[in-house]
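# Examining the three-dimensional arrangement
What follows is each chain in one-letter form.
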Amino acid sequence: MLKQPASAVAPGSASSPNTGDKSTSESPVKPASSEVRQPSINPGKQSQTLCRNILIHGYCKFENSGCIFRHDTNPVQQQQSPTAKSESAKKRLNVDSPSFMPGSIAAGGVVTKASLSVPSADSAIFVPRMSTPVSDPNQSPSYTSPATVDAYGQKPIINSQFVHGYSPIAQMAPHVGVDPSPVQQPIQTPTYEYGSMGQYAQPSQDIYYQQAQPAHYQPLNYHLYAPLPPHKVNLLPYQRTVQGFFLSDNLREELQRKTEASLQILPTSGLPDALDVYYSLVPLDTNTEKSSRVFGYASWIYKAFSKSDGNTYALRRLEGFKLTDEKAIATVQQWRRLSNAGMVTLFEAFTTRAFGDNSIIFVYDYHPLSSTLFDTHFGPDARYPMSRNGSSPVVPEQVVWSYIVQLSSALKTIHSANLAARVLDASKVILTSKMRVRLSAVGIMDVISGNDYNGGANSIQALHQDDLYNLGRLILSIVCNNHAISTNANVPQQVIAKSLEYAGRSYSVGLKAALAYLLGNNVVSAGSVGKDGLKEPVKNIDEFLRIIAPHIQQSFNSSLHYQDILESELCKELENGRLVRLLCKFNFINERPEYDHDSAWSETGDRYLLKLFRDYVFHQNDENGRPVTDLGHVLRCLNKLDAAVDEKVMLVSRDEQSCLIVSYKELKNCVDAVFRDLSRSNG
Ligand SMILES: Nc1ncnc2c1ncn2[C@@H]1O[C@H](COP(=O)(O)OP(=O)(O)OP(=O)(O)O)[C@@H](O)[C@H]1O
């Protein structure tokens, strides 16, 4: 029969009580069968045999209550005082410890199954599948290192250099008896094939652990997991790629670029050091020319951090504005209370002379890396360029509807609060991510032109009419790719009519009808409504929302889908978060400097198992002695550990003198127990 490495643990075997109960597993290691082995016990010899509980736990709680094995690794120390004795017991197993001698051999000189008990070990009996027993009558009964003799009793080819986790496993793996080739496989159940993980197994292509980072990416290199070719296609259902474990590359890159933009600072910008509680100003304007077209004042916008809450804000400054009515600035409080995903929240406004003039600052939420609809559709780097013959629509209808739905939702919130947006200009609607638009300059007009909506052109109904009309102009300018329709408030009606006609040809009837509603009856909008006090406003946001209801449903559905996608992306990171926590615990436990000179600390009990497991996960070598950097193996092991599965793993010490078979479940218990101990001693 195949000889098992003598120190391998075979919990659950006849010779090892295997209840999974820790108290049971800590009982003195008993012979396999008391009837068989009891007579062969020679008290003189037994006292020479090191108790396996010492090897595994570092101590034996039955030492003073009848355990017949030797409890001292150094017989000379038997003379020590009880305190010194217990101290030394903790340190008994160290690098200088004698190699493990199975009790069965030393006691009777007869080779029996090794029966080393592992703390809470619950492993199944190891049954080599070798059909031909390898028994050598002349074989010495002493322990034979698994590294020195292979399944055939011959020296394995790879013995000269121990390939950690490979050679001893090869002795036990079912196929080894059939093919004793030097390319040995670790004992692990092949469950997943990690499609493109091959690159991680090649040290030369090891992008995951790359050292050299491009210096200009501060603080993060967001290409860390960028997939390299060749990409494995047609994966089987149980196969996964490395990328499948992490946030998708595009999303991660987008988020990291946004983080980078949020944290950007300009050490020498020539801007004031601070404005009120805001500091580290960074200009956001893409256009350096002064323009007073929208507000009647030149406006600038900066990113800044707030001293009060540490958040990042966008500060819009109107240059040369002198506040005459203190009440006007109070309207900001009304805007502050509004919350809608289609508008940028306004927090406060204050005046300042920090720029050497009278300026007013409006503080908004900062949305990193946003661009205006003007830049997106009409700028030099427009996202939707005109088709070559100019006949086909350049902006997909789905995108147009998405804008309409979001902006009308913002208008609904604003109008319901008895306020008006008043600025619906392509340069004041920002795109904060794909197809996500927000009104970015709300509340400004109320402060600079007053909002005492006392009838006439300033009546709230008239302003609502204007909002709807301006929304129509904005959308029409996008579908016709003509920014003049949006930027010119007095665009002639003929131009509007012609553009509507074009929109009708290129887009659906529904879109044309929606635009016609927004742009129709403009003669009674603004100043016309409310002058006589009889006319009802001809358009209102509620009616418009009814018209576009089917598209609101579609838009809602898409956003729910997107939410699902984001949630599943989040789940991936959740899994990674678990693994990071596990890795943190490992690092807390392994190689603690304060126990540097106390090898017994890591050489005994749970900590010893974890030390071996760490080697199993991270420090394997291939058959040529090269480090295996297979991320798939690491993730697989850590996930199994975290899930505490019952699957067993064989751990081998670096000197190949001990092999322990434990389940992930037991290892998880070890991690938790040791980490608890550490935390307790901390606190
Ligand atoms: N709340 C915000 N958060 C982040 N960036 C913003 C915010 N509001 C505007 N921006 C960005 O600031 C830049 C400048 O915006 P601004 O409104 O000044 O546009 P502009 O084209 O310069 O218009 P104008 O000609 O009126 O100055 C744009 O890239 C815009 O995306």
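For the structure, see preceding data.
Described in the following lines is the structure provided in the data block. Since the model is a prediction, treat every value here as computed from it, not as a measurement. (Residues numbered from 1 in each chain as written. Predicted model: local features only at pLDDT ≥ 70, side-chain atom pairs only at ≥ 80, totals over all residues. Heavy atoms only, no water.)

### A word on the overall build of the protein
Inclusion rule: Numbering of helices and strands runs from the N terminus, with a helix taken as a DSSP run of H or I at least four residues long and a strand as a DSSP run of E at least two residues long. Each residue gets one of three labels from its accessible area relative to the maximum for its type: buried under 20%, exposed over 50%, partly exposed in between, using a 1.4 Å probe on protein chains only. Pairs of residues are marked as contacts when any of their non-hydrogen atoms sit within 4.5 Å. Only the protein chains shown count as cover for residues, and all accessible areas are computed by the Shrake-Rupley method using a 1.4 Å probe.
Along the backbone of the protein there are 24 helices and eleven strands. Taken over 683 residues, the protein has a buried fraction of 47%. In the protein, of all internal contacts separated by at least 6 residues, the share reaching a separation of at least 24 is 67%. A total of about 33,800 Å² of accessible surface is found on the protein, and carbon and sulfur atoms cover 53% of it.

### Notes on the pattern of salt bridges
The following threshold applies: By salt bridge we mean one thing: a side-chain nitrogen of Lys or Arg within 4 Å of a carboxyl oxygen of Asp or Glu.
In the structure shown here, the tally under the stated rule is 15 salt bridges. Among the ionic pairs, Lys 412 bridges to Asp 542, the shortest N-O distance being 2.6 Å. One end of the pair, Lys 412, is in helix α13 (residues 397-416); the other, Asp 542, is in helix α19 (residues 541-547), and 130 residues separate them in sequence. Given a relative accessible area of 33%, Asp 542 falls into the partly exposed group.

### Things to note about α13
Selection rule: To estimate how far a helix should reach, multiply one less than its number of residues by 1.5 Å.
When the terminal C-alpha atoms of α13 are compared, their 28 Å separation across 20 residues agrees well with the 28 Å that a helix rising 1.5 Å per residue should span. Burial analysis of α13 places 14 of its 20 residues in the buried class, which makes it a mostly covered element. Asn 418 sits one or two positions beyond α13 and adopts a positive phi of about 60°.

### A few points about the environment of Glu 575
As for its placement among the helices and strands, Glu 575 is situated in helix α20 (residues 549-589). The class for Glu 575 is partly exposed, based on a relative accessible area of 33%. Taking the C-alpha atoms as reference points, Glu 575 and Asn 639, separated by 64 residues in sequence, lie 8.5 Å from one another.

### Observations regarding the sheet that holds strand β5 (residues 346-352)
Quick reminder of the rule: By definition, two strands form a pair when at least two bridges between them are found by DSSP. Helix axes are fitted only over the stretch in contact, all axes being lines through C-alpha atoms; the angle between N-to-C directions runs from 0 to 180 degrees.
Judged by pairing direction, the sheet is antiparallel, and its six strands sit side by side in the order β1-β2-β3-β4-β6-β5 without closing on themselves. Both outer strands of the open sheet, β1 (274-275) and β5, are each paired with one neighbouring strand and no more. As paired strands, strand β3 (residues 299-306) and strand β4 (residues 312-319) are joined by seven bridges and run antiparallel to one another. Residue Lys 303 lies in a different strand from β4, and its bridge partner there is Ala 314. On the sheet, helix α9 (residues 249-263) packs against β3 and β4 and is oriented at approximately 95° with respect to β3.

### Some words on the site of the ligand
Note the following rule: We call a residue near a molecule or strand as soon as one heavy atom of that residue lies within 4 Å of the molecule or strand. Under this definition, polar contacts are N or O atom pairs within 3.5 Å; protein pairs additionally need one hydrogen-donor-capable and one acceptor-capable atom, and for neighbouring residues in sequence, both atoms have to be side-chain atoms. Residue polarity is assigned by list, with Asp, Glu, Lys and Arg as charged and Ala, Val, Leu, Ile, Met, Phe, Trp, Tyr, Cys and Pro as nonpolar; anything else, Gly included, falls into the polar class.
In the vicinity of the ligand there are 19 residues, among which Arg 316, Asp 365, His 367, Ser 370 and Lys 428 approach most closely. One nitrogen or oxygen atom from the main chain of Asp 365 is found 2.9 Å from a nitrogen atom belonging to the ligand. A distance of 3.0 Å separates a nitrogen atom of the ligand from a polar backbone atom of His 367. Protein coverage of the free-state accessible area of the ligand, which is 620 Å², stands at 94%. Counting only elements with at least two residues in the shell around the ligand, the list comes to β3, β4 and β7 (371-372). Class assignment for the residues of the shell around the ligand results in six nonpolar, nine polar and four charged.

### Comments concerning the side chain of His 464
Relative to the assigned elements, His 464 resides in helix α15 (residues 460-479). His 464 gets classed as buried once you look at its relative accessible area, which sits at 14%. In this view, His 464 contacts His 415, Leu 419 and Ala 420; residues no more than four positions away in its chain are not counted.

### A few points about the sheet that holds strand β8 (residues 429-433)
Sheet architecture is open: three strands sit in the order β7-β8-β9, paired in antiparallel fashion. Either end of the sheet is taken by a strand with one partner, and the two such strands are β7 and β9 (436-439). Pairing of β8 with β9 involves four bridges; the strand directions are antiparallel. Paired with Leu 431 across the two strands is Val 437, which belongs to β9. Running over the sheet, α13 touches β8 and β9 and is turned about 30° from β9.

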